Amino acid sequence: MNPHATPILALSLVLGTTITISSNHWVLAWTGLEINTLAIIPLISKSHHPRAVEAATKYFLTQAAASALVLFSSMINAWATGQWDITQLNHPTSCLLLTAAIAIKLGLVPFHFWFPEFLHGSPLMTALLLSTLMKFPPLTLLLMTSKSLNPTLLTAMALASAALGGWMGLNQTQTRKIMAFSSISHLGWIAIILVYSPKLALLAFYLYTIMTSAVFMALNKIKALNLSMILTSWTKTPVLNATLMLVLLSLAGLPPLTGFMPKWLIVQELTKQEMTPAAMAIAMLSLLSLFFYLRLAYHSTITLPPNSSNHMKQWYTSKPPSTPTAILASLSILLLPLSPMIHAIV
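Residues numbered from 1 in each chain as written. Predicted model: local features only at pLDDT ≥ 70, side-chain atom pairs only at ≥ 80, totals over all residues. Heavy atoms only, no water.

By the naming in an unreviewed UniProt entry, the protein is NADH-ubiquinone oxidoreductase chain 2, taken from Somateria mollissima. The annotation that UniProt attaches to the protein under Sequence similarities (unreviewed entry) is "Belongs to the complex I subunit 2 family." Under the UniProt heading Subcellular location (unreviewed entry), the note attached to the protein is "Mitochondrion inner membrane". (UniProt positions renumbered as here; feature names shortened; annotations may be inferred.)

Okay, here's the thing in structure tokens:
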């Protein structure tokens, strides 16, 4: 790929995201989503590997279908109400179609099938973009229309996502697939609270983005595409591996790490909304995710393979982690004491 193409594509991603999150008109929001889709496809397929080309094709087809549904939903609403304003989504068929379209874009169950296979075919840093930044514009549309959405439907999709994301991640050995099912599971937590507390849903997404970015950057640093590669990376990057273990436990939602905060606040809010059975169900389903996070942490730090290297100081030759990785890892581990202040804002 031409070296000048990457900054142009990055600028297009920022432009598309900005257009979607700042627009009030459905056509403008749709335009931003399309710019995002067209900008990310060259980044996915730039390696020219058959799996990367397959991933780019799958991504284009699913996103095109979802964008068509968004446009169709907004046209039905405009036909019935005369409104193109995003916040004025009142037609029941439009609400149902929009929920389906955004679920496809986010990878929520039952529209999740494309996401793990697609992430598996992408480079690690492109997979990071697709797991975080590319989910922000569709999630913004859900937040703007949250008052019109069906809470029962979203709750059912959220519980199914938490269950399937945890269940399907149990037997995976590829790190990108594990992170894909982790993303599906976390989106379940975000979707279940979205109608009742949009600010809390946004907070959960921000914290998920910070923790996932830290994991992907660490995996990219040690070039770990599967569990066996994590096993052998301890001798080269011991500090990074120990940090990766803590960030993974934070993603699992264990106290006293940052990841415990959104789950705690979401369960508290669901209980206030008299949705105790849903809160209990999603809390129990998070144990499935906890298992494969512990499995990753076990492979990265807790167990060590026999070291065949005769050079005792081999790991001193590796470069230290980058500053963004260090900052994101620190935020992923240490933010829980700020919970009272964050809860007051939310």
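Peptide bonds are mostly trans, and most non-glycine residues show a negative phi. Backbone torsion omega between Val109 and Pro110 reads 10 degrees, so that peptide bond is classified as cis. The topology assignment puts Pro110 in the loop between helix H4 (92–106) and helix H5 (114–120). With an omega of 5 degrees, the peptide bond running from Pro255 to Pro256 counts as cis. Note on placement: Pro256 falls in the loop between helix H12 (238–252) and helix H13 (260–272). Positive phi values are uncommon outside glycine, yet His48 reaches one of about 60 degrees. One can find His48 in the loop between helix H2 (26–45) and helix H3 (50–81). The phi angle at Glu274 is positive, at roughly 60 degrees, despite the residue not being glycine. Mapped onto the secondary structure, Glu274 falls in the loop between H13 and helix H14 (276–302). (Helix = DSSP H or I, 4+ residues; strand = E, 2+ residues; numbered from the N terminus.)

This part is about the nonpolar core. Residues Tyr59 and Phe118 are the most contacted members of the largest nonpolar core, which totals 103 residues. Here the element with the most residues in this core is helix H10 (residues 198–222); it accounts for 15 residues. Shared between two domains, this core holds at least three residues of each, these being domain 1 (1–146) and domain 2 (150–308 + 318–345). Every residue in contact with Phe118, bar those within four places of it in the chain, is listed here: Ile44, Ala55, Tyr59 and Leu130. (Core = buried A, V, L, I, M, F, W, Y, C linked by side-chain atoms within 4.5 Å. Buried < 20%, exposed > 50% of the residue type's maximum accessible area, 1.4 Å probe, protein only. Domains from an automatic or database assignment. Contact = heavy atoms within 4.5 Å.)

Sequence positions flagged by UniProt for "transmembrane region" (unreviewed entry) are, in local numbering, residues 56–76, 96–115, 152–171, 178–196, 202–219, 239–258 and 278–298. From the first C-alpha to the last, residues 202–219 spans 26 Å; its make-up is 100% helix and 0% strand. The span residues 239–258 carries 70% helix and 0% strand; its end-to-end C-alpha distance comes to 19 Å.

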